[in-house]
Amino acid sequence: MAIEPFVKKYLRQRVLPTIWCGGCGLGTAMRVIIQALDDLKIDQDNLVVVSGIGCSSRMAGYLDANTVHTTHGRALPVATGIKLAHPELEVVVIMGDGDGSAIGGNHLIHASRRNINLNVFLLNNGNYGMTSGQVSPMTPHAWYASTCPFGNLEHAFHLCDMVKSAGATYIARTTTFHYMQAVRLAKEALEHKGFSFLEVYFQCPTYFGRFNDMKDAPTMLQWFKKNAVRYNPEKPRELEKGQFYVGKLWEDNTKDEYADLYRKLCKRAKEMMQAAK
Amino acid sequence: MSDAKGKTVLLQGNEACAMGAIFAGCRFFGGYPITPSTEIAEHLARKLPTVGGVFMQMEDEIASIASIIGASLTGIKSMTATSGPGFSLMQENLGLAAVLEAPVVIVNLMRSGASTGHPTGTGQGDLMQSRWGTHSDHPVVALAPATAQEMFDLTVKAFNIAEKLRVPVVLLPEAVVGHIREAVYIPAEGEMEVINRERPSSYDNLLFFKRDKSGVSHPPDLGTGFRPHFTGLTHDESGFFTAVADEVNAFTVGLNSKIDLHREFLTDYCEETVEDADILLVSFGITARACAYIVRALRKKGVKAGYFRPRIVWPFPEERLRQIAQHTHTFIVPELNLGQMRYAVQRIVGPEKRVVGINRVDGAMLTLDRLMEEIKEALA
Ligand SMILES: Cc1ncc(C[n+]2csc(CCOP(=O)(O)OP(=O)(O)O)c2C)c(N)n1
Ligand code: SF4
Ligand SMILES: [Mg+2]
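All of these numbers come straight from a predicted model, not from anything done at the bench.

Residues and elements named next belong to chain A. Those donors, Asp-97 (OD), Asn-125 (OD1) and Asn-127 (O), are the protein atoms that reach the magnesium ion (ligand 3), and they lie 2.0 to 2.2 Å from it. One chain supplies every donor for the magnesium ion (ligand 3), spaced along it as D-x27-N-x1-N. Using a relative accessible area of 2% as the deciding quantity, one classes Asn-127 as buried.

Moving on to unusual backbone geometry. Note that the residue after A:Leu16, namely A:Pro17, is joined by a cis bond; omega there is 0°. Within the fold, A:Pro17 resides in the loop between α1 (5-9) and α2 (26-39). In the segment running from B:Trp314 into B:Pro315, the intervening peptide bond is cis, with an omega of 0°. Among the structural elements, B:Pro315 can be located in the loop between β13 (312-314) and α10 (318-324).

The next thing to look at is the site of ligand 1. All names here are of chain A. Taken together, 16 residues lie around ligand 1, and Cys-55, Ser-56, Asp-97, Asp-99 and Gly-129 are the ones closest in. Contacts to ligand 1 include Asp-97, whose side-chain N or O atom sits 2.7 Å from an oxygen atom. Within the complex, 74% of the 590 Å² of free accessible area of ligand 1 lies under protein. Of all the secondary-structure elements, those providing two or more residues to the shell around ligand 1 are α5 (97-103) and β5 (127-128). For the shell around ligand 1, the element with the most residues is α5, which contributes 4 residues. A breakdown of the residues in the shell around ligand 1 according to their chemical character gives 5 nonpolar, 9 polar and 2 charged.

For the rest of this paragraph, the subject is the nonpolar core. Counting 145 residues, the largest nonpolar core has A:Phe197, B:Ile40, B:Met79, B:Val282, B:Leu321 and B:Val345 as its most contacted members. Built from parts of two domains, this core gets at least three residues from each of domain 1 (2-186) and domain 2 (270-379) of chain B. Each residue touching B:Val282, except ones within four places of it in the same chain, is listed here: B:Phe308, B:Phe316, B:Leu321, B:Phe331, B:Ile332, B:Val333, B:Pro334, B:Met341 and B:Val345. Judged by nonpolar contacts, the second largest core, of 38 residues, contains A:Val49, A:Tyr179, A:Leu198 and A:Val200.

Let's shift gears to the interface of chain B and chain A. In this assembly, 39 residues from chain B lie in contact with 39 residues from chain A. Roughly 3200 Å² of surface becomes buried between chain B and chain A when both sides are summed, with 62% attributable to carbon and sulfur atoms. At the surface where chain B touches chain A, the tally comes to 4 salt bridges. Contributing elements (two or more residues each) for the side of chain B that touches chain A: β3 (54-57), α3 (61-73), α4 (84-100) and β9 (229-231) of chain B. Here 3 bridges tie strand β2 (residues 66-69) of chain A to β9(B), and the two strands are oriented parallel to one another. Bridge pairing in β9(B) links A:Val68 to B:Phe230.

A word on the pairing of strand β14 (residues 330-335) of chain B. Residue and element names in this part refer to chain B. Counting buried residues in β14 gives 6 out of 6 residues, a clear majority hidden from the surface. Along β14, one buried face is formed by Thr-330, Ile-332 and Pro-334 and the opposite face, lined by Phe-331, Val-333 and Glu-335, is buried too. Relative to β14, strand β11 (residues 279-282) runs parallel, the two being bridged by 3 bridges. Counted as the bridge partner of Ile-279 is Thr-330 from β14. Note: β14 against strand β15 (residues 354-359), 6 bridges, orientation parallel. Within the sheet, the bridge partner assigned to Phe-331 lies in β15 and is Val-355. Tracing the backbone out of β14, into helix α11 (residues 340-349) and back to the parallel element β15 gives a crossover that is right-handed.

The sheet built from 9 strands is open, its strands ordered β9(A)-β10(A)-β7(A)-β8(A)-β4(A)-β3(A)-β1(A)-β2(A)-β9(B) with mixed pairing. Strands at the two margins of the open sheet, each flanked by one partner only, are β9 (228-230) of chain A together with β9 of chain B. Sheet twist, expressed as the mean angle between neighbouring strand axes with direction ignored, is 20°. Each of β3 (90-96), β4 (119-124), β7 (170-175), β8 (196-201), β9 and β10 (244-251) of chain A touches helix α8 (residues 179-191) of chain A; the most contacted strand, β7(A), lies at about 160° to it. With respect to the sheet, helix α10 (residues 217-227) of chain A is in contact with β7, β8, β9 and β10 of chain A, its orientation differing from that of β9(A) by roughly 40°.

What counts, and at which threshold
- Residues numbered from 1 in each chain as written.
- Chains lettered and ligands numbered in written order.
- Predicted model: local features only at pLDDT ≥ 70, side-chain atom pairs only at ≥ 80, totals over all residues.
- Heavy atoms only, no water.
- Donors = N, O, S within 2.8 Å, 3.2 Å for Na, K, Ca; no water.
- Buried < 20%, exposed > 50% of the residue type's maximum accessible area, 1.4 Å probe, protein only.
- Helix = DSSP H or I, 4+ residues; strand = E, 2+ residues; numbered from the N terminus.
- Near = heavy atom within 4 Å.
- Polar contact = N/O pair within 3.5 Å; in protein donor to acceptor, adjacent residues only side chain to side chain.
- Areas by Shrake-Rupley, 256 points an atom, 1.4 Å probe, with all protein chains shown as cover.
- Nonpolar A, V, L, I, M, F, W, Y, C, P; charged D, E, K, R; others polar.
- Core = buried A, V, L, I, M, F, W, Y, C linked by side-chain atoms within 4.5 Å.
- Domains from an automatic or database assignment.
- Contact = heavy atoms within 4.5 Å.
- Buried area = accessible area lost by both parts, 1.4 Å probe.
- Salt bridge = Lys/Arg side-chain N within 4 Å of Asp/Glu carboxyl O.
- Pairing = 2+ DSSP bridges.
- Right-handed = clockwise from strand over helix to strand, strands pointing away.
- Axes fitted to C-alpha atoms, helices over the stretch in contact; angles between N-to-C directions.

See the structure below:
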């Protein structure tokens, strides 16, 4: 299939094809991000994409921008350095669920708290894909993974709730089934000034699907479709077992963005210095 | 210095380090508090906002070094400061800085003991860690200041090396050197060389990581129109992952070659009365200061003693030590650990030479009396 021109524009074609498995949802997730970047006419020269380690994080290499593929879980503090050194850069952070919620969980808490204008896309396949399907903090309770062959005793994070209590100012969730919604939310996240967090459920048929009786990508997409509940803050409802909200979950435009605050601090500090002289 | 344009002030070693960083052009600091490094952060928290720089207290040392790597990739000179427990946490991303060829300066004030150890004691136990702390073969340079003046001078030098070679550089003072108060000459602008990384205006075929003859690659800063890809994976000259055996080999050999190809630039030592020395005191940092006195005292007594102190400890000034070893038969290596530099010295001078360690690991310094006593015993 021919690649559409707007997709081509944001891809480094010389490093394609991707390493991703057939049926993997990461291709869709990448297209969502590209569509959002293109719709917003984001200048590639001014765009920095930072990622950690994992199948999801490999996306940084495919996007034609300034890209930094860091260490496992450390994308956010590297992105923090980039953004504060050069606030005019548009900084997107891509991480997997293990990357962002396990090894990098502490960084996620503190980046949310600071409210730096970073755009996090946390791509959640419910397991560690790259290392072949081990349990992650996002694997549902009693489900299966290669390191919980008798069922997961732990409970999955409510990651969106966690970043909310930590202070993130834009929070949304979507899936690779909800393409149009995903693009809309990705654009909102990019446009939001402050720390934005978009969790994208995507299918990993190779491991998560196989271990949990979902034999292929379409079956997994059906699972997303069946359990996703559109969030309406006016009409909150009890979620049934296995269901999850999709849509914009939270936005707070009252909190100052960190780099703005820092710029003001510099001005104050200089004035105080001069006054002391 | 009659034509000196700078000024001499009484400074704590850590303050001198912070001022050296500003002088060198450091405009980003990311750190996490730990004794005995904290004064560096506190000084920069006040100073950086007034010179258009960024100060960040991060959530831990892993994030601290990650943040300075990010800032450095945008072209801003960046630094962190810590001590043993934090330096251990930084090892993961010290390797990342080496592989991304991100110039960064890491100040590691050496306290005493493994793990949490003796936080207010002084030590020299991180000598080997500064070289081999992160996994696999990687380039890194380490400098060992011995005075408050050198806390300034060698901080500037650390940035110069980091920028020129695009490597992580570790400044390795002992806690006492960080806290000592001495007169420090602060040069005026332009009085001391400040090196900035090379910034090519174009690249052939997008080969951002192609090495020049000196082994250094000069990838562009983020956001300058080139759109480079940085990865901690083994990569080819374009910057993208490779698993092709020859390319993986070329990457690791090439990355590490910058140290060897800059041996002269990276050789920095002080010596006294070595030409006819029968015995040589080899030491670094604060311990070496005591050794200089001892050598002069021994000479007065007619003992042919010499003094040798690397200011750049990694790479070790091997060639010079080997030259001296042609006529010197005994090497005495005093240090505040159980023999880390002695190990390096023995390897360099060969198994037939006598290498004696004088070691102290109780958090205090080696005193002149104790050094003299142990040296007498060793020579008896
Ligand atoms: C410090 C460290 N520990 C472990 C690994 C091995 N590792 C590579 S990817 C990965 C998990 C990735 O899972 P996730 O973040 O969910 O991304 P996915 O592959 O599922 O997209 C692990 C554990 C590593 N690279 N570094
Ligand atoms: S292992 Fe899973 S997440 Fe990774 S590429 Fe394959 S399907 Fe995608
Ligand atoms: Mg995952």
